[in-house]
Amino acid sequence: MPSDAITLMPTATGHAFTRNPLMLTMPGTGRRVFSIYGQGYSSSQPAYKGEITAPATINLAEFIEAIVKPIEDPGEDNAMISYGIQDGSINIVVTDGENTLFSREINALRGGVSKQNYRRLNLAGTDIFEARFFNSACNFFLTTRTNDWRLSIKETELYPLVFFYPLQGTVSVQDIVSGNTISLPAVSNEVDYHGKLCALNLKAVKQYFLEEYDILAGAFDVLVDDAPAARIAIQEAHPQIERYRLKFRNSYGAFEIIEITGSAQWAPSIEDDEGEGPYQRYMTDIDDFSTERQRMSMRQVINISTGYKTNSELRFILDAIISDECYLLDINEEPIKVIVTAEDLVLQHHPNSPQSFMLELKPVDDDTCITDAISNAAMPTRGGVFSEQFSEQFD
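Residues numbered from 1 in each chain as written. Predicted model: local features only at pLDDT ≥ 70, side-chain atom pairs only at ≥ 80, totals over all residues. Heavy atoms only, no water.

Peer 1: Quick one: what's the story with the packing of aromatic side chains, residue by residue and with numbers?
Peer 2: In this structure the tally under the stated criterion is 21 aromatic pairs. A ring pair is formed by F34 and Y48, whose centres lie 5.9 Å apart and whose planes are at 35°; its orientation type is tilted. In this pair, F34 sits in strand 3 (residues 23-37) while Y48 sits in strand 4 (residues 48-59), placing the two residues 14 residues apart along the sequence. The class of F34 is buried, set by a relative accessible area of 5%. (Phe/Tyr/Trp six-rings, centres within 6.5 Å; stacked < 30°, edge-to-face > 60°. Helix = DSSP H or I, 4+ residues; strand = E, 2+ residues; numbered from the N terminus. Buried < 20%, exposed > 50% of the residue type's maximum accessible area, 1.4 Å probe, protein only.)

Spelled out as C-alpha cells, the structure:
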C-alpha cells in the first residue's frame, strides 16, 4: 500500500461497530472533502459532509452512530432461522474537491467491544469481526454471556441468537446425544445470505427435534460444514416464587434475555413536572383563597432483587444495567420499557457463594392518569356460558 494511501481502520471484514474508533487517515497535503451516506441518504445528499486539510485523521464512529439503525429485533416466531435482519450499509467517500481519492462501503452496527478488547485486537492487527464473528471455528454469536465456545442458557432465557452467517459453508445444529442434525442453509427464497446478519431460534430448534425425532434436546453443537463451532447447553430453570425477565440490547447491539428471581416491590414516584406545586385560587363564595394544584404525574418504580447469580451472570446483568434499550417482561402482559439502575453495587472478585443485589427499574413513561391495565384491545364484556370453542348445543 502506498504511504500516501487513505485508510479506514479497523475494517478487516468490511464491518465496524459505531462505539469503537473507526479511524479515517488521510496522508499527503491539500484539501480533503469526506462524506458519509447510506441508510436513506445519497451521495448527492449525504448524511454528513466535511472539509479538512491533509494530513489528518478523523474518527468517523460518532457520525455513523447518528444514522445507522439498531439491529432489528428478530422476535420469537416459529422459524428456526431468521434471515437478513439488518442492513447497516454505509458509504464513505473522500475527494480533493474534484477527484475521488477514496471510496469504501462498510456494514456498521450500533455496538462495540470494551476498550481493553479493542486495544488487544488492534495490537494483533485484527478486529472482533475477523477474530470471532466471521470465524466459523468459534462461538460466532453476538452474545455477551461468554467468550467461550461453550454457551450455557437457562430455558427461561432463550431468545434468538444473532450471528453473521459464515462467508462459506452451511450452518447446522446437531443434538449431541442422538446425533440427529438439522441443516440451516444460507439460501432462502433464492437469496444468498452468506455474510448477512441472521438469528438462530433455539426454541424452534427444540420444537423441531421434539416433533421429528421425539427428542427433548437440551444440548446442541453448532456446526459449519460438519466442523464444530460452538456448543449450546440449555439449563433447567429452578422453580421460583417470583420470576421476571429483562430483555435488553447487549454491548454488541443484539437483544438477549436474563431472568431475575427476587421479590418485586412497587414504589410509586410522584413528580411535579411543572415544578410549580400548589397554587392559590380566589373563591368568591367565601371571599378568600383556597389551595389547588394541577394533576401530578407518577412513575411506578419497581425494585427487584436479581436473585443469587454466579459471577458470569452478574457480568451479564451489568450489561443490562448500562443497556440503551431494556424491557421488563412477565410483570404485565405487555413489556415495559425501563431504565435499570443499581445502587451500592459491590461485587466480590473471588466470591465463595453466589451473590445478589437490588435493581431499580424505572419505566421510561410517567403518567397523570392511573387506570387498570387493559389486557387486550376489546373492552371487557360479561361473556356467555360457553367458550368460543363450543356451541350452545354442547353435549
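Moving on from the coordinates now.
Peer 1: Kindly report on the pattern of salt bridges, identifying the contributing residues and their values.
Peer 2: The tally for this structure, following the rule as stated, stands at 14 salt bridges. Note that R19 and E65 form a salt bridge whose closest N and O atoms lie 3.1 Å from each other. With a gap of 46 residues between them, R19 in the loop between strand 2 (15-17) and strand 3 and E65 in helix 1 (residues 61-65) connect regions that are remote in the sequence. Residue classification places R19 among the partly exposed residues on the basis of a relative accessible area of 40%. Note that R31 is salt-bridged to E51, the shortest N-O span being 3.0 Å. Residue R31 is found in strand 3, and its partner E51 is found in strand 4; the two are separated by 20 residues along the sequence. Residue class for R31 comes out partly exposed when judged on its relative accessible area of 42%. On the accessibility criterion, E51 (55% relative accessible area) is exposed. The structure contains a network of salt bridges with shared partners spanning K154, R243, E259 and E313. (Salt bridge = Lys/Arg side-chain N within 4 Å of Asp/Glu carboxyl O.)

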